[in-house]
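Here is how the chains run, residue by residue.
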Amino acid sequence: MDKGTLVEFRVQSDRRLGVVDRPDGKTRWFVVDERGQSHSLAPRQFTYTVNGQTYKPGEIADFLSQVQTYLDPSSLEIAWELLIEDGETVTPSQLANILFSESTLPQCYAAHCLLSEDKLYFKQKGDAYEPRSMAQVAERKHQIEVESQKAKGQQEFLARVEQALQGQVVEWQRLDRQRLEAIEKYATLLADVVMLKVNYDSLARACPPSAPVLETMNMLGRSATPQAAFQLLIDLGWWTSHENLFLRRSSISVQFPQKVLEVAQKRLDFPPTDLDTNRLDLTHLKVYTIDDESTTEIDDGLSWEILPDGKERLWVHIADPTRLLMPDDELDLEARKRGSTVYLPTGMIPMFPEVLATGPMSLVQGKVCCALSFGVILDEVGAVEDYCIHAGLIKPTYRLTYEDVDEMLELGVQAEPEIEAIANWAKIRKNWRYGQGAISINMPEAMIKVKDDNINIDVLDDSSSRQLVAEMMILAGEVAARYGQTHNIPLPFRGQPQPELPPDEELLQLPAGFVRSCAMRRCMPKSEMSITPVRHAGLGLDTYTQATSPIRRYSDLLTHFQLKAHLRGEGLPFSAEQLKEVMMTVMSTTQEATMVERQTNRYYALEYLRRHPEQVWQVTVLMWLREDSNLALILLEDLGLQLPMSFRRSVNLGENLLVKVSLADPQKDMIHFQEIMYQEAQSITN
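Residues numbered from 1 in each chain as written. Predicted model: local features only at pLDDT ≥ 70, side-chain atom pairs only at ≥ 80, totals over all residues. Heavy atoms only, no water.

Some words on the packing of aromatic side chains
With the rule as written, the count across this model stands at twelve aromatic pairs. Look at Y608 and W617: their rings are 6.4 Å apart centre to centre, the planes differ by 50°, and that puts the pair in the tilted class. Here Y608 matches W617 in class, with each residue buried. By way of ring pairs, the aromatic residues Y48, Y55, F63 and Y109 are connected into one cluster. (Phe/Tyr/Trp six-rings, centres within 6.5 Å; stacked < 30°, edge-to-face > 60°. Buried < 20%, exposed > 50% of the residue type's maximum accessible area, 1.4 Å probe, protein only.)

Laid out in structure tokens, this is it:
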């Protein structure tokens, strides 16, 4: 190769021109580029040679300026149209003649540049270029358009992300939402840290991101891990810092489908014909509904009356949602799919659309309401002497809170003797159940509420009013089950096997109260569901079903469907096999809902403790989790929370001591306490 020959070569992806200077050994050449920089190159690294004239490095810029005049990529389409018919190959020199009617060195090199950069009309074949077919060009044009649109979409997405990161309101596009929803799905893997008890690093290794997630995270300059995905969604305002990952990881639907909402509104506006044409009119009875103040789905009420023969009858009135739906209609199938109302600290996710659940399905004070009413006469010891069940009409008289009823019982309000009578029967009834082997385990229960990022924890006490309501609901459940047993009706019966409790001498060795109750609780078997009657050992009943929350529990709704059909003299909507199949589905759904409720409550319990690092808590050591490593379950009495704690010294069950939180991380489900001495606690509180 002659000295001064102008050649093209590449430095990484950059196109360079240089002048051959001298040999470098036997096979390589020193080439000097326009910057005066020398390169040692093998001939195979030359991508084009300008033959016919020698140059100096200082002349390269002038040569490139001449070439620039001819670099019009659109001119290739003209050449392609001329050559496509015969499919002839073309060299840069030939293309120069076609495009520019002559082939000077700058024109030939310009043609080479056009051909070598072209991805649309020509493909290289040796030293020449072959025109692509019309189909190939059409396909490549489509690909280029798609890639162009994708690049444009990415740039626009990045611009919207930047707006969101600056706190501006962003109107996310459909493709944006697809990207962010993929990141949402990846971020919810963090819930597995709690559910599967794995650490972050193991999770990231076991669950690599999908291609769309990886692309988006790389585009935004963030690491592709579940933690980083979670933080991105928070930064964008897409999620809050306390996003419920357990709920998002579940199959629980927060919103109702539009079709279901439309059906609900139609049922509200045009109620269907009531199938229970002979409802018993009980509107003369004084009816009390007793709930928490925040309750919006009111599904039970209580009455008491003296019969002409002097006997007393208790009435448990249950809301009648089946008045507004039929088995297998849109509302029923949606409720079946949900299984139950889900109660979270941040609010509830109802089983039925709110417009029905808190309206015509509920027992609303002062309005005539449809109900399924259980009338029960108890004997002097509290056993069921006689009962009746009616589809009825009632008119709730008072909507009371548990606190209202406790106050009325304490003050002995003479104007409401019914309340006192019901409370007295509830005590008799409770004593009767204990005589039948019922087991009482009283442990404090925390009620956690979150509003406007404020967390409140109250302890549900086992007050007289709550015991009253609980006994009446259990009574209605026994009566419903008895009716089903008597008439051979398949129902979702509930039972509990007889527990093997520790011997009395062993229990008596444990401290009385919470420690003893905790030991008994560990021995209690899980409740079971069956389509045939079965004993419920915990309640002390030979047969039992739940029938008192049909707005909130689908199994209760099933009981209503079956009972009401039989009361009307109609065929049962569910055969034994059909009922069993539906119950299996519902049990799986409600188990998931229970898990989400439990994990969400625990998250906010730990978050509450995280926010109170200096608070001193009085705790009781309840039971050993791992006695050999001093890991115990403790009860924070002021909060009703039961949490693990590792001790650095020997402690005894039932021992009361003072602790404060040393570490709380709700996202990682971590909580550590440290014991403090009484003197230290005094200095902290002062």
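Remarks on the nonpolar core
The biggest cluster of nonpolar side chains holds 66 residues, and the ones touching the most others in it are L609, W617, L636, L641 and F673. Of all the elements, helix 21 (residues 576–610) adds the most residues to this core, at eight residues. Non-local contacts of L636, meaning those with residues more than four positions away in its chain, are made with L609, W617, Q618, V619, L641, L643 and F673. I318, W425, L468 and V469 belong to the second-largest nonpolar core, a separate cluster that totals 38 residues. (Core = buried A, V, L, I, M, F, W, Y, C linked by side-chain atoms within 4.5 Å. Helix = DSSP H or I, 4+ residues; strand = E, 2+ residues; numbered from the N terminus. Contact = heavy atoms within 4.5 Å.)

Digging into the sheet that holds strand 25 (residues 670–676)
Taken together, the five strands give an open sheet; going across it, the order is 23-22-21-24-25, and neighbouring strands pair in antiparallel fashion. Of all strands in the sheet, those bounded by a partner on one side alone are strand 23 (641–646) and strand 25. The mean angle between the axes of side-by-side strands here comes to 45°, regardless of whether they run parallel or antiparallel. Packed onto the sheet, helix 19 (residues 514–523) meets strand 21 (617–626), strand 22 (631–636) and strand 23 and runs at close to 35° relative to strand 21. Against the sheet, helix 21 makes contact with strand 21, strand 22, strand 23, strand 24 (656–665) and strand 25, and its axis sits at roughly 65° relative to strand 23, the strand it touches most. (Pairing = 2+ DSSP bridges. Axes fitted to C-alpha atoms, helices over the stretch in contact; angles between N-to-C directions.)

Points about the domain arrangement of the protein chain
One frequently used descriptor of interface size is the decrease in accessible area upon assembly of the parts. On domain assignment, one finds that the protein chain holds domain 1 (5–136), domain 2 (137–239), domain 3 (258–465 + 474–600) and domain 4 (612–685). In this structure, domain 1 and domain 3 have C-alpha centres spaced 86 Å apart. (Domains from an automatic or database assignment.)

A few points about the packing of helix 12 (residues 258–269) against helix 13 (residues 330–338)
Relative orientation and spacing of two packed helices are given, respectively, by the angle between their axes and the distance between those axes. Viewed as axis vectors pointing N to C, helix 12 and helix 13 meet at an angle of 125°, and their least axial separation amounts to 9 Å. One element, helix 12, and the other, helix 13, form an angle in the oblique class. Relative to helix 13, helix 12 is oriented so that their crossing is left-handed. The segment helix 12 lies against helix 13, with K259, V260, V263, A264 and R267 engaging E330, L331 and E334. (Parallel < 35°, antiparallel > 145°, perpendicular 65-115°, else oblique. Left-handed = near helix turned anticlockwise from the far one by under 90°.)

Digging into helix 9 (residues 211–219)
Every buried residue belonging to helix 9 is among V213, T216 and M217, and all of these are buried. Each buried residue of helix 9 sits inside an arc of 95° when the element is viewed along its axis, so together they form one side. Within helix 9, the exposed residues directed more than 90 degrees away from the buried face are A211 and N218. For helix 9, the elements touching its buried residues are helix 5 (134–165), helix 6 (174–187) and helix 10 (226–235). Phi for G221, located one or two positions after helix 9, is positive at around 70°. (Arc of directions from axis to C-beta.)

Thoughts on the UniProt feature "domain: RNB" (unreviewed entry) in the protein chain
UniProt tags residues 279–569 as "domain: RNB" (unreviewed entry). Span residues 279–569 is 32% helix and 25% strand, its end C-alpha atoms 14 Å apart. (UniProt positions renumbered as here; feature names shortened; annotations may be inferred.)

Let's talk about the pattern of salt bridges
What the rule picks out here adds up to 46 salt bridges. Of the charged contacts in the structure, one is a salt bridge between E478 and R482, with a shortest N-O distance of 3.4 Å. With a gap of four residues between them, E478 and R482 both fall in helix 17 (residues 464–486), about one helical turn apart. Owing to a relative accessible area of 4%, E478 belongs among the buried residues under this scheme. Residue R649 is joined to E675 by a salt bridge in which the shortest nitrogen-to-oxygen separation is 2.7 Å. Note that R649 is positioned in the loop between strand 23 and strand 24 and E675 in strand 25, a separation of 26 residues in sequence. Looking at E675, the relative accessible area reads 24%, which means it is partly exposed. Several salt bridges converge on common partners, so that one network encompasses D274, D276, R279, D320, R323, K564, R568 and E570. (Salt bridge = Lys/Arg side-chain N within 4 Å of Asp/Glu carboxyl O.)

Looking at the pairing of strand 21
The element strand 21 is extensively covered by neighbouring structure, given that seven of its ten residues are classed as buried. Pairing geometry for strand 21 and strand 24, over four bridges, is antiparallel. Each residue of the ladder has a partner; that of T620, found in strand 24, is N656. Pairing analysis gives six bridges linking strand 21 to strand 22, with the strands arranged antiparallel. Bridge assignment links W624 to a residue of strand 22, and that residue is A632. Connecting strand 21 to the next strand, strand 22, in antiparallel fashion are four residues, including N630 with a positive phi near 60°.

A closer look at empty space enclosed by the protein
Applying the stated rule across the entire model yields two cavities of 30 Å³ or more. Reported here for the largest cavity is a volume of approximately 130 Å³. Around the largest cavity, the lining is made up of 15 residues, and of these E243, L245, F246, Y603 and Q667 lie nearest the centre. Contributing elements (two or more residues each) for the lining of the largest cavity: helix 7 (191–195), helix 11 (245–249) and helix 21. Across the lining of the largest cavity, the residue classes tally to nine nonpolar, five polar and one charged. Every residue along the wall of the second largest cavity is listed here: M408, L409, G412, V413, E416, I419 and E420. Secondary structure elements with two or more residues in the lining of the second largest cavity: helix 15 (402–411) and helix 16 (417–435). Class assignment of the residues belonging to the lining of the second largest cavity gives a composition of four nonpolar, one polar and two charged. (1 Å grid on protein atoms, 1.4 Å probe; cavity = no way out; pocket = protein on both sides within 12 Å on 5 of 7 lines; lining within 4 Å. Points joined across faces, edges and corners; volume = space filled by probe spheres on them. Nonpolar A, V, L, I, M, F, W, Y, C, P; charged D, E, K, R; others polar.)

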